[in-house]
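Descriptive structure summary
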Amino acid sequence: MVLTCQSAPIRDLPYCDYQLDPASRALDLAQRLNVTELATVLQTGTTGASWNMGVPRLGVPPLRYVECNHGIAFGHEEEHLNSTLFPASISTARAFSVELVRAVGRAIAYEVRANFNANISNSFPWCYAPVVNVCRDPRWGRCQEGWGEDPNMNGLLGGRYVQALQTGEDPRGVMQVAATCKHFDAHTGPEDHHNTPWSWGPGPEWRGYFNSNVSYRDQVETFYPAFEACVRAGAAAVMCSYNAVNGTPSCANRGLLQGTLRDEWGFKGVVVSDCGAINNIRDKQYYANTTAAAVSDAISAGVDMNCGSAYGLLVNLTANGTVPIGRLREAAARALEVYVKVGVLDPPELVSYNLINKSVIPKHDDLARNASREAIVLLQNRDGALPLDVSRPRSVLLLGPCADEPRCGQGDYHGNLDQQPVVTLATGLRAALVPHQWSLTVIPGCDDLLCSSTAGFEAAADAAAAADLVIFAGGNTDQVESEGVDRPSLQLPGWQPELLAAAAGAIKNISRSLVVVAQHGASLVLPPAARDAAAVLSLGYGGKHAGSAFADVMTGAYSPSGRLVDTWYQHTWDLPKIDNYDMRAGNGRTCESI
């Protein structure tokens, strides 16, 4: 029988008393768990042995974390998931607006609760977000998940996002959604893509194997500030990273997790491992001889919860005396305090968030469009080429692999987009121009998103010569920058630069205008032809309304900014090797050294 705190056998127990403080309730509950139950609540995953099934006999529900970096993404396969896709964090950061970040965080918190209340995918109001790792090297595929290269800006916006997720309007102060700041620490690439000039793969440069050699100065100035800001903001949890730091795996690093995080910064919340990171301590970093030893190292270092199944070994490790059961109860009390704070053990009628349903989601549409607008940066505008005068109809060619491709606007960590598809550039521009008698021709010019062939270039050049205005739409997708995928170069992928050059060459001597737009996460090295264009726009990853926002800027309905949050280099080779964590190596990294 599945019980709740309203069930007769347990309702009078202290942990079910909603008038007690959360820490006391969690401690009481942790003392009532047997060792198997303790091991269960210290795991958090999405499938199989890693799934935290809760403790039914004591009314503790299952826990399935939610990814909510710029929308909800706890299962691309979930047909019933409905969530607004906002711009990627690095794109939202371009607004330089803590209020926009707060508004987006509040909207996502409501949508997490709406899906939780609808029992979608056994979701739980606990987000594995925000990412506050600095964009140390723009080739790192996950730069898009953070807030740019500046440590203090990552801390400011990350901290505001934490507060937006957690602090709702419940009259009793119930936490709306628990936030988790990740990935602690010195985790900014490389990832584990196999098709780069560095031949990454199983070996010292794969993120599970990687050791970040970091000076004390760089730790304090570059890698620590955003996480300390998260602690100050009251984050419920911090995630330890896959990599090692100066020879010790992050998730087995007591100096990092206990000394810095808890003793120095005063963190009182939960430390959770990245998914599979405990196994990496043995399997990839060879720091421990057995998985059991890796588990012992991790929980002794201060990792309370394991995203994965390795903590199932805690039952035996406690039985043989390797890990004291008191340490399990300490970790469980921290984890269960989150359950208490988000109200899942309280009478449902006392938690105001339980009234939230999916009708709130369409109300965030205007916010998503505005966030997409504010993500756009005007890099170049010669002779007032933009905005277009819609009262003077012209023929437009929208050319490029991102012209009518939703994937170019979504970024990574997106949910199921079937219910709220990304508005493509073509869709947005067509809606804005065609009613004013403009003609729009859309040609991808490439056979695929990576532009791996030049087969369509001649036809594209002919179409460019026939149009009054050519808009080249290039950029990246999660195929070339995302979790697990770094970029070998900052250039546009494949033959995109050559496609742009072909179009520019076709109109060079016939007085036609060229506008270049790019959808991407971290910075690019623009092709030479872009430097001669009438206008250049960086769209970022605009999310659901990428195309609508693009059209708003093109037609003057919105005036874009000129703000960037990461350094744009002249050449890829201006950067040191991606695995070099010395912030002053070579010509240096980020705007501090350029």
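Residues numbered from 1 in each chain as written. Predicted model: local features only at pLDDT ≥ 70, side-chain atom pairs only at ≥ 80, totals over all residues. Heavy atoms only, no water.

With respect to the nonpolar core
Leu-42, Trp-126 and Leu-314 are the most contacted members of the largest nonpolar core, which has 108 residues in total. Broken down by element, this core gets its largest block of residues, 9 residues, from helix H12 (residues 325-341). The contacts of Leu-314, once residues within four sequence positions are left out, are Val-35, Ala-39, Leu-42, Val-295, Ile-299, Val-323 and Leu-328. (Core = buried A, V, L, I, M, F, W, Y, C linked by side-chain atoms within 4.5 Å. Buried < 20%, exposed > 50% of the residue type's maximum accessible area, 1.4 Å probe, protein only. Helix = DSSP H or I, 4+ residues; strand = E, 2+ residues; numbered from the N terminus. Contact = heavy atoms within 4.5 Å.)

Description of unusual backbone geometry
Peptide bonds are, in most cases, trans, and in most cases residues other than glycine have a negative phi. A cis amide bond, omega 10°, links Ala-129 with the succeeding residue Pro-130. Tracing the backbone through its elements, the reader meets Pro-130 in the loop between helix H4 (98-117) and helix H5 (151-166). With an omega of 5°, the peptide bond between Lys-182 and His-183 qualifies as cis. Positive phi values are uncommon outside glycine, yet Tyr-413 reaches one of about 50°. Following the sequence through the fold, Tyr-413 ends up in the loop between helix H14 (407-410) and helix H15 (425-433). Here Gln-437, not a glycine, exhibits a phi torsion of approximately 70°, which is positive. With respect to the helices, strands and loops of the structure, Gln-437 is situated in the loop between H15 and strand S9 (439-443). According to the relative accessible area criterion, Gln-437 is exposed, its value standing at 63%.

Some details on the pairing of strand S8 (residues 395-399)
The side chains of a regular strand alternate between the sheet's two faces. With 5 of 5 residues buried, S8 is to be regarded as a mostly interior element. Taking every second residue as pointing to the same face, both faces of S8 are buried, with Ser-395, Leu-397 and Leu-399 on one and Val-396 and Leu-398 on the other. Bridge count for S8 against S9 is 5 bridges, and the pairing is parallel. Each bridged residue has a counterpart across the sheet, and for Ser-395 the counterpart in S9 is Ser-439. (Pairing = 2+ DSSP bridges.)

A closer look at the packing of aromatic side chains
This model, assessed by the stated rule, comprises 11 aromatic pairs. On the basis of an interplanar angle of 35° and a centroid distance of 5.7 Å, the ring pair of Phe-210 and Tyr-581 is categorised as tilted. Taken as a pair, Phe-210 in the loop between strand S1 (180-184) and strand S2 (211-212) and Tyr-581 in the loop between helix H19 (546-554) and helix H20 (590-593) lie far apart in primary sequence, 371 residues in all. Grouping residues by exposure puts Phe-210 and Tyr-581 together as buried. In textbook terms, an aromatic cluster arises when at least three aromatic residues are bridged by ring pairs, as seen for Phe-184, Tyr-224, Phe-227 and Trp-265. Geometry around Tyr-581 places Arg-136 over its ring, the cationic atom sitting 3.7 Å from the centre. Its end group placed over the ring of Tyr-413, Lys-182 keeps NZ or CZ at 5.3 Å from the ring centre. (Phe/Tyr/Trp six-rings, centres within 6.5 Å; stacked < 30°, edge-to-face > 60°. Lys NZ or Arg CZ within 6 Å of the ring centre and 35° of its normal.)

Side note on the state of the cysteines
Counted under the stated rule, the structure contains 8 disulfides. Disulfide partner of Cys-402: Cys-408, at an S-S distance of 2.2 Å. Its torsion about the S-S bond being -75°, the disulfide of Cys-402 and Cys-408 is classed as left-handed. Comparing Cys-402 with Cys-408 shows no difference in burial state: the two are buried. (Disulfide = S-S within 2.5 Å.)

Thoughts on H15
Every buried residue belonging to H15 is among Leu-425, Ala-426, Gly-428, Leu-429 and Leu-433, and all of these are buried. Angular distribution of buried residues about the axis of H15 spans 165°; they occupy a single face of the element. On the buried face of H15, the contacting elements are S8, S9, strand S10 (469-475), strand S11 (513-519) and H19. (Arc of directions from axis to C-beta.)

Examining the confidence of the model for the protein
Taken over all residues, the pLDDT of the protein has a mean of 93, while the share at 70 or more is 94%. Low pLDDT, under 50, characterises residues 193-205; the predicted model gives this stretch 31 contacts beyond four residues in sequence or across chains. (pLDDT = per-residue confidence, 0-100.)

A look at the sheet that holds strand S4 (residues 244-245)
Read from one edge to the other, the open sheet built from 3 strands follows the order S2-S4-S5, with strand pairing classed as mixed. Two strands close off the open sheet at either side, each with one partner strand: S2 and strand S5 (248-249). Relative to S4, S2 is paired through 2 bridges, and the arrangement is parallel. Residue pairing across strands places Asn-211 opposite Ala-244, the latter belonging to S4.

A look at the pairing of strand S12 (residues 535-538)
Where burial is concerned, the two faces of S12 agree: the one with Ala-535 and Leu-537 and the one with Val-536 and Ser-538 are both buried. Here S11 pairs with S12 via 4 bridges, running parallel. Across the sheet, Ala-518 pairs through a bridge with Ser-538, a residue of S12.

Quick word on the environment of Trp-438
Following the sequence through the fold, Trp-438 ends up in the loop between H15 and S9. In the structure, Trp-438 is positioned 230 residues away from Gly-208 in sequence and 52 Å away in space, judged by C-alpha atoms. Here Trp-438 is in contact with Leu-388, Asp-389, Val-390, Arg-392, Pro-393, Arg-394, Val-396 and Leu-433, once residues within four sequence places are set aside. In this structure the side chain of Trp-438 is engaged in a polar contact, spanning 3.0 Å, whose partner is the backbone oxygen of Val-390. (Polar contact = N/O pair within 3.5 Å; in protein donor to acceptor, adjacent residues only side chain to side chain.)

Remarks on the sheet that holds strand S3 (residues 237-240)
The parallel open sheet is built from 3 strands, whose spatial order is S1-S3-S6. Taken across any chain shown, the strands that pair with only one partner, and hence form the sheet edges, are S1 and strand S6 (270-273). For this sheet the average axis-to-axis angle between neighbouring strands, irrespective of direction, equals 25°. (Axes fitted to C-alpha atoms, helices over the stretch in contact; angles between N-to-C directions.)

Description of helix H13 (residues 365-374)
When H13 is considered as a whole, its buried residues turn out to be Ala-368, Ala-371, Ser-372 and Glu-374. End-on, the buried residues of H13 take up no more than an arc of 165°, which puts them together on one face. Next to the buried residues of H13 lie H4 and H19.

Here's the deal with the packing of H4 against H5
With their axes 8 Å apart at the nearest point, H4 and H5 run at an angle of 35° to one another. For the crossing formed where H4 meets H5, the hand is right-handed. Where H4 abuts H5, its residues Val-98, Glu-99, Val-101, Arg-102, Gly-105, Arg-106, Ile-108 and Ala-109 lie against Leu-156, Leu-157, Arg-160, Tyr-161, Ala-164 and Leu-165. Its residues assigned to classes, the contact of H4 with H5 shows 9 nonpolar, 1 polar and 4 charged. (Left-handed = near helix turned anticlockwise from the far one by under 90°. Nonpolar A, V, L, I, M, F, W, Y, C, P; charged D, E, K, R; others polar.)

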